[in-house]
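# Architecture and fold: a report
Each chain, letter by letter, is given below.
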Amino acid sequence: MTLNFNDPSPALDGASLLITGGTGSFGKAFAHTLLERYEPRRVIIFSRDELKQYEMEQTIPADKRDRVRFFIGDVRDAERLELAMREIDYVIHAAALKHVPAAEYNPFECVKTNIHGAENVVMAALRTGVKRVIALSTDKAASPINLYGASKLASDKIFVAANNLAGTNDTRFAVVRYGNVLGSRGSVLPFFRQLIASNATSLPITHPDMTRFWITLGQGVDFVLSSLEIMSGGEIFIPKIPSMKITDFASAIAPDMPQEIVGIRPGEKLHETMITSDDARTTLELEDRYIIEPSLAFWSNAHLAGHNARPVPDGFEYASNQNNEWLDADGLLRLMKEFGIEY
Ligand SMILES: NC(=O)c1ccc[n+]([C@@H]2O[C@H](COP(=O)([O-])OP(=O)(O)OC[C@H]3O[C@@H](n4cnc5c(N)ncnc54)[C@H](OP(=O)(O)O)[C@@H]3O)[C@@H](O)[C@H]2O)c1
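Before going into details, it helps to say that this report is about the structure given with it. Note that the structure is a prediction, hence the values are computed from the model and not measured. (Residues numbered from 1 in each chain as written. Predicted model: local features only at pLDDT ≥ 70, side-chain atom pairs only at ≥ 80, totals over all residues.)

## Some remarks on the overall build of the protein chain
Secondary structure assignment for the protein chain yields 11 helices and 17 strands. At 20 Å, the protein chain has a C-alpha radius of gyration in line with the 20 Å of a compact globule built from 343 residues. Counting only C-alpha atoms and orienting by the principal axes, one finds that the protein chain spans roughly 60 × 50 × 40 Å. Evaluated residue by residue, the protein chain yields a buried proportion of 43% over its 343 residues. For the protein chain, the share of sequence-separated contacts (at least 6 apart) that also reach a separation of at least 24 residues comes to 80%. (Helix = DSSP H or I, 4+ residues; strand = E, 2+ residues; numbered from the N terminus. Rg over C-alpha atoms; globule rule 2.2 N^0.38 Å. Buried ≥ 20, exposed ≤ 12 C-beta atoms within 10 Å, placed from the backbone. Contact = placed C-beta atoms within 7 Å.)

## Comments concerning the environment of lysine 152
Structurally, the position occupied by lysine 152 is in helix H6 (residues 147-162). For lysine 152, a count of 29 C-beta atoms within 10 Å gives the class buried. Taking the C-alpha atoms as reference points, lysine 152 and leucine 335, 183 residues apart in sequence, are found 28 Å from one another. Setting aside its immediate chain neighbours within four residues, lysine 152 contacts Asn114, Ser137, Thr138, Lys140 and Ala141.

## Examining unusual backbone geometry
Look at serine 143: it is not a glycine, yet its phi comes out positive at around 45°. Structurally, the position occupied by serine 143 is in the loop between strand S5 (132-138) and H6. Of note, the phi angle at asparagine 308 is positive, near 55°, even though the residue is not glycine. Tracing the chain through its elements places asparagine 308 in the loop between strand S15 (289-292) and strand S16 (310-311). A residue is classified by how many C-beta atoms lie within 10 Å of it, and asparagine 308, with 10 of them, is exposed.

## Details of the sheet that holds strand S3 (residues 68-72)
Strand order in the open sheet made by the 10 strands is S3-S2-S1-S4-S5-S6-S10-S15-S14-S16, with mixed pairing throughout. Each edge of the open sheet carries a strand with a single partner, namely S3 and S16. Sheet topology places strand S10 (residues 236-239) next to S15; four bridges connect them, and they run antiparallel. Bridged to isoleucine 236 within S15 is isoleucine 292. Against the sheet, helix H2 (residues 50-58) engages strand S2 (42-47) and S3, with an angle of about 150° to S2. In the packing of H6 onto the sheet, the strands contacted are S5, strand S6 (172-178) and S10, and the crossing angle to S5 comes to about 160°. (Pairing = 2+ DSSP bridges. Axes fitted to C-alpha atoms, helices over the stretch in contact; angles between N-to-C directions.)

## Description of the pairing of S6
Counting buried positions along S6 gives six out of seven residues, so the element sits mostly inside the fold. Direction of pairing for S5 relative to S6: parallel, over a ladder of seven bridges. Residue valine 133 lies in a different strand from S6, and its bridge partner there is phenylalanine 173. Viewed along the sheet, the connection from S5 through H6 into S6 turns out right-handed. Where S6 meets S10, two bridges bridge the pair, whose relative direction is parallel. Counterpart to valine 175 in the pairing with S10 is isoleucine 236. (Right-handed = clockwise from strand over helix to strand, strands pointing away.)

## Side note on the site of the ligand
The environment of the ligand is made up of 31 residues, and the closest members are Gly21, Gly24, Arg48, Asp49 and Ala95. Counting residues per element, the ones that place at least two in the shell around the ligand are helix H1 (25-37), helix H5 (107-128), S5 and strand S7 (180-181). Considering every element that reaches the shell around the ligand, the biggest residue donor is H1, with three residues. Considered class by class, the residues forming the shell around the ligand number nine nonpolar, 14 polar and eight charged. (Near = placed C-beta within 6 Å. Nonpolar A, V, L, I, M, F, W, Y, C, P; charged D, E, K, R; others polar.)

## A closer look at helix H8 (residues 217-230)
Look at H8: 20 Å from first C-alpha to last across 14 residues, which is about the 20 Å you get at 1.5 Å a residue. The element H8 is extensively covered by neighbouring structure, given that 11 of its 14 residues are classed as buried. (Expected span 1.5 Å × (residues − 1).)

## Considerations on the sheet that holds strand S9 (residues 211-215)
Taken in spatial order, the three strands make up an open sheet running S7-S9-S11, and their pairing is mixed. Either end of the sheet is taken by a strand with one partner, and the two such strands are S7 and strand S11 (243-245). Taken together, the two bridges between S7 and S9 define a ladder with parallel strand orientation. In the strand pairing of S9, valine 181 is matched with isoleucine 215.

## What to know about the packing of H5 against H6
Where H5 meets H6, the axes come as close as 9 Å, and the angle between the chain directions of the two elements is 15°. Between H5 and H6, the crossing angle belongs to the class labelled roughly parallel. Where H5 crosses over H6, the two elements pack in a sense that is right-handed. From H5, Pro107, Cys110, Val111, Asn114, Ile115, Ala118, Glu119 and Val122 reach across to H6, where they touch Leu147, Tyr148, Ser151, Lys152, Ala154, Ser155, Ile158, Phe159 and Ala162. (Parallel < 35°, antiparallel > 145°, perpendicular 65-115°, else oblique. Left-handed = near helix turned anticlockwise from the far one by under 90°.)

## Topic: the pairing of S15
Within a regular beta strand, the side chains point alternately toward one face of the sheet and then the other, so they alternate between its two faces. Going residue by residue along S15, you find Arg289 and Ile291 tucked away on one face and Tyr290 and Ile292 tucked away on the opposite face as well. Remark: three residues form the turn of the hairpin made by strand S14 (residues 283-285) and S15, two consecutive strands paired antiparallel.

## Observations regarding the environment of alanine 102
With respect to the helices and strands, the residue alanine 102 is situated in helix H4 (residues 100-105). Here the alpha-carbon distance between alanine 102 and aspartate 89, two residues 13 residues apart in the chain, equals 33 Å.

What follows is the structure in structure tokens.
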């Protein structure tokens, strides 16, 4: 399995970073990794809910607390973002509304956070002279069929095109797109865990053939860090990660529990795609990742020369049912153990 993401990590000692959505599953893992591996000058956690911030603050080691600042703010509020980004070197944009049914039911709210929020992050980063911005995206943004995916596709486009606005400013923007994060808030693992704990008699499976891409939070954090290092602006970075059938996932978590087929939910795909065959025309393959290249006038991939970057074949598609790497039950349990994920 190619999952090392071994590119050099960026030099973040002495740097100031801001994480929108810093109290979420990704944001917390990213902030803790920063504090463990580097000596950042400042890490700003930017999010709305004071309780989540208070709880996160308690988990920061005492000797690191003076480096971390908690900013209450909403990505819909451009002025607040601009204030928070003063003297910031790097921004990781992880704030999002990501619950598919909630986005279908509250479409304007999803648009305001995921699309207007993206524009606000871009404008604030340009105005304050941030060096690099990475925005998190999802497999649901490739050929989207639900509003969450569509809003993240719009966000991806905003971040890629933002490189055109930079002018003489050095601010650069890139996107990291990946699949289901094992154990993240609101994901299938805590859902199954809760059903098992409440003595449910079966686990609901929407479709027996359904497949998904899987990544751990730790791998997601490493992937963002290495993408931050190699980005030159405008790329969509996609990790090579394994797929697994949902039925195999449920069997691995609860081998003795019956599975009940409940039908595909509105807005749900049978398989997820990270690179469509149309995007493949501008996609490069490296050892551990794909890069969808931007169509920006100044874009050149010369800086990837040492990374064995080559174009993918015509008609290539990177979808969860057409993957070379598959997780079986043992592989999943090994991965969970390696990354300390309880089940
Ligand atoms: N989890 C996955 O499986 C997965 C897969 C692929 C991609 N992603 C992407 O990865 C990113 C992070 O996901 P996650 O799993 O860490 O999400 P999460 O656990 O739900 O966290 C979301 C964070 O965003 C904050 N937030 C929400 N609305 C906000 C707003 N309007 N202004 C400021 N902060 C706001 C939340 O805090 P408050 O509510 O306190 O504001 C929270 O800190 C998202 O962009 C998501 O699309 C996730």
